[in-house]
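Residue strings, one per chain:
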Amino acid sequence: MSATLTVRATGPLALVEDLGRPGLAGIGVGRSGAADRASLRLANRVLGNEEGAAAVEVTAGGLVVEVGGEELTFCVTGARCPVTVDGRDVGTHDPVRVAVGSRVRLAAPTHGLRSYLAVRGGLDVPAVLGARSHDVLAHLGPAPLREGDVLPVRAVERPLPGVDHVPWPRWDPDVVLRAVRGPRADWARDVDVLTTTVWTASDRSNRVGMRLAGGRVEHAREEQLPSEGIWRGAVQVPPSGEPVLFLADHPVTGGYPVVAVVVGEDVDRAAQVGPGERLTFRWVEAP
Amino acid sequence: MRLLPYGDRAVLAELADGEEAMALAAAVREAAAPCVGALVPAARTVLVVAADGTAVEEVTRLLGSLRPVPLDPADEGAELVEVPVRYDGEDLEDVARLTGLSVAEVVAAHTGQTWRVAFGGFAPGFGYLVGEDERLHVPRREESRTRVPAGAVGLAGEYAGVYPRESPGGWQLLGHTDLALWDLDRDPPALLRPGVRVRFVEAGR
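As annotated in an unreviewed UniProt entry, chain B carries the name Allophanate hydrolase subunit 1 and comes from Phycicoccus endophyticus.

Spelled out as C-alpha cells, the structure:
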C-alpha cells in the first residue's frame, strides 16, 4: 500500500509540476515546469526528494487534499499561505507528517501567488515526454487537477534529511527584477522606459507570461523580426508597446523583439506577482 | 556569427541567414556538450541555454569553438517524410494571385521541391519548412483565422508548414493532410523535426 492524495477542492488552478522537459524546442515543445523553480526545489530539499520531484503548484490557494493509503510527509513552500491539517495550523517550509484521512488545506496566500505542496517521495503521475509538468500553452502533461482526482505518491527511498530550519523567502513589498539588456534592445526607441516605469501585472497574465501595464515601450523600427528563440525571463514587446514577461510556459519562438531578459532567479520572484501588483526592473550587466 | 547576451543563462547566436542557423544548430546538437541545457533554433538565430549549474561563459566558449558545416539540401541520408495533401485550401486562389502563378502551378511548385524542417515552434509538432526557391514566398494573411483545422497545409513568408492541431492561425492555406504530425503515443511524437526532409504529394484537389 502506498500513499495517495485525493483532491477535494482545487482553488482557481492546481497543476502537477516538476522541473519540466528541456531540450524539445526543435519539435515545438517548451520546457514548462514549476513557475517558481526555487520554491519547488526548496520543498523537495526539505523532504529529501530529488529536487525535480513532481509537486502540486497551487495558484492563489484553495487546494484541499485528503491523505489515503498510508501516512505521509508534506511541505508547502512558495507563496505564503495559511496551511491547515484538519483545521489545525501547521505552517509552511517545514516537513509535516499526516495520518491517513487527514485533510490538508491551503488557504489564499497572504504574500505571493503560487504555493507548492510537495510530498515525500514525490507525486507519481505518468510522465509525458519525460516530465510531470502541465504546460498551459502546449496543452501537454498531467491535466489540471479536478475534484476527485487521486494522485499516487512514490514510495520513499531516501532518508529524511535532518533539516529543522529552512529560510523563509523574504517578501519585500517592492518587487525589483534584475534584467540584462536583451538581444533586441535596439529595436526599442528608448529601452530605459522599462527601468523608469512602475509596471502593473495585468489580469491577462498566466503561466505563459505576465502582461505589464503602466507604460509603453515604443518600437524604433517598422520591419518585422524573423522568429527567434524565447526563454523564461524574456521581456518581449509586441506592437502595442506593452511588454510581456515570459514565464514557465512561454512559446518556443516568437516574432517580436526581446528587449530585456530577467535574471533566472528573479523570474521565480516574478512568478509570485499577482494581478494588480506592481513591479520595476533594474539593469544589470550580462555575466 | 554575432553572439548577443540573453540574460544570465543563455546566449543568442545571430547568423547571416537561415542556412547558417541550421548548420550551427546541427553543430551544437552534434557536439552534445554537457554545458548545453537547451537549444532553440529559429529563423536566423540559435538560442543556446546553459545547463543548470553551468556558467553561461562555457556556452559562449563552445559557440566560439564550433566550425559549422553548411548542410547539404540534397543530403540523401536525411530522413524523408512524404505528406499527402488534398489541395482544397481556402487561400489557394490568393496564393496564385500573390505569386503570379496559376493554381496548378502553385500545386506543382509545392509538390515539386524538397522542403527541410528548419526549426520548430508555435505548437508541439509544428515545423517551419524551407524550400529550394522563392516561388511560393507569400505574406501571412492580413487577418488571422480564429480556427484552423488540424492537418491544414499552409505558407507564410519563406516557410511552409502543417498545423499539427486545431488552432488560430494566419498562414495562407493550400490544402490539408490526414497524416498525424503529432502523436504522443509515437516515438518520436513529431514527424517533422529539424533536419528532416519533406515532400508534399498531391492526393487530390
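A. Summary view of the domain arrangement of chain B. All names here are of chain B. Structurally, chain B comprises domain 1 (2-65) and domain 2 (80-202). Between domain 1 and domain 2, the C-alpha centre-to-centre distance is 27 Å. Listed per partner, the contact involves seven residues of domain 1 and nine residues of domain 2. Together, the buried faces of domain 1 and domain 2 total about 590 Å²; carbon and sulfur atoms form 53% of this surface.

B. Representation of the packing of aromatic side chains in the model. Following the criterion strictly, the structure yields 10 aromatic pairs over all chains and no others. Judged by centre distance (4.3 Å) and plane angle (15°), the rings of Phe-119 of chain B and Tyr-128 of chain B are stacked. By relative accessible area, which is 1% here, Phe-119 of chain B ends up buried. Seen in terms of ring centroids, Phe-122 of chain B and Phe-126 of chain B are 5.2 Å apart; in terms of plane orientation they differ by 75°. Their pairing is edge-to-face. Residue classification places Phe-126 of chain B among the buried residues on the basis of a relative accessible area of 1%. Among the aromatic residues, those joined into a cluster by ring pairs are Phe-119, Phe-122, Phe-126, Tyr-128, Tyr-159, Tyr-163 and Trp-171 of chain B. Over the ring of Trp-283 of chain A we find Arg-181 of chain A; its NZ or CZ atom is 4.5 Å from the centre of that ring.

C. Seen up close, the layout of surface pockets. The computed volume of the largest pocket comes to approximately 1,400 Å³. In this structure, the largest pocket is lined by 40 residues; those nearest its centre are Thr-253, Gly-254 and Gly-255 of chain A together with Phe-122 and Arg-140 of chain B. Those elements that place two or more of their residues in the lining of the largest pocket are β14 (209-213), β17 (244-246) and β18 (253-254) of chain A together with β7 (123-130) and β11 (167-169) of chain B. Residue composition of the lining of the largest pocket, by class: 19 nonpolar, 14 polar and seven charged. The computed volume of the second largest pocket comes to approximately 1,200 Å³. Lining the second largest pocket are 48 residues, with Ala-38, Gly-264, Glu-265, Asp-266 and Asp-268 of chain A positioned closest to its centre. Contributions of two or more residues to the lining of the second largest pocket are made by α1 (37-47), β5 (72-80), β12 (176-181), β19 (258-262) and α3 (264-270) of chain A together with β3 (36-41) and β4 (45-50) of chain B. Per element, the largest residue contribution to the lining of the second largest pocket is six residues, and it comes from α1 of chain A.

D. Inspection of the interface of chain B and chain A at higher detail. Contacts between the two partners involve 39 residues from chain B and, on the opposite side, 36 residues from chain A. Run the count over chain B and chain A and you get three salt bridges. Residue Asp-52 of chain B is joined to Arg-41 of chain A by a salt bridge in which the shortest nitrogen-to-oxygen separation is 2.9 Å. There are eight residue pairs in polar contact (both at pLDDT 80 or more) connecting chain B and chain A. At the level of secondary structure, the elements contributing two or more residues to the side of chain B that touches chain A comprise β1 (2-6), β2 (10-14), β3, β4, α2 (56-65), β6 (115-121) and β7 of chain B. Residues that form the side of chain B that touches chain A fall into these classes: 25 nonpolar, six polar and eight charged.

What counts and what doesn't
- Residues numbered from 1 in each chain as written.
- Chains lettered and ligands numbered in written order.
- Predicted model: local features only at pLDDT ≥ 70, side-chain atom pairs only at ≥ 80, totals over all residues.
- Heavy atoms only, no water.
- Domains from an automatic or database assignment.
- Contact = heavy atoms within 4.5 Å.
- Buried area = accessible area lost by both parts, 1.4 Å probe.
- Phe/Tyr/Trp six-rings, centres within 6.5 Å; stacked < 30°, edge-to-face > 60°.
- Buried < 20%, exposed > 50% of the residue type's maximum accessible area, 1.4 Å probe, protein only.
- Lys NZ or Arg CZ within 6 Å of the ring centre and 35° of its normal.
- 1 Å grid on protein atoms, 1.4 Å probe; cavity = no way out; pocket = protein on both sides within 12 Å on 5 of 7 lines; lining within 4 Å.
- Points joined across faces, edges and corners; volume = space filled by probe spheres on them.
- Helix = DSSP H or I, 4+ residues; strand = E, 2+ residues; numbered from the N terminus.
- Nonpolar A, V, L, I, M, F, W, Y, C, P; charged D, E, K, R; others polar.
- Salt bridge = Lys/Arg side-chain N within 4 Å of Asp/Glu carboxyl O.
- Polar contact = N/O pair within 3.5 Å; in protein donor to acceptor, adjacent residues only side chain to side chain.

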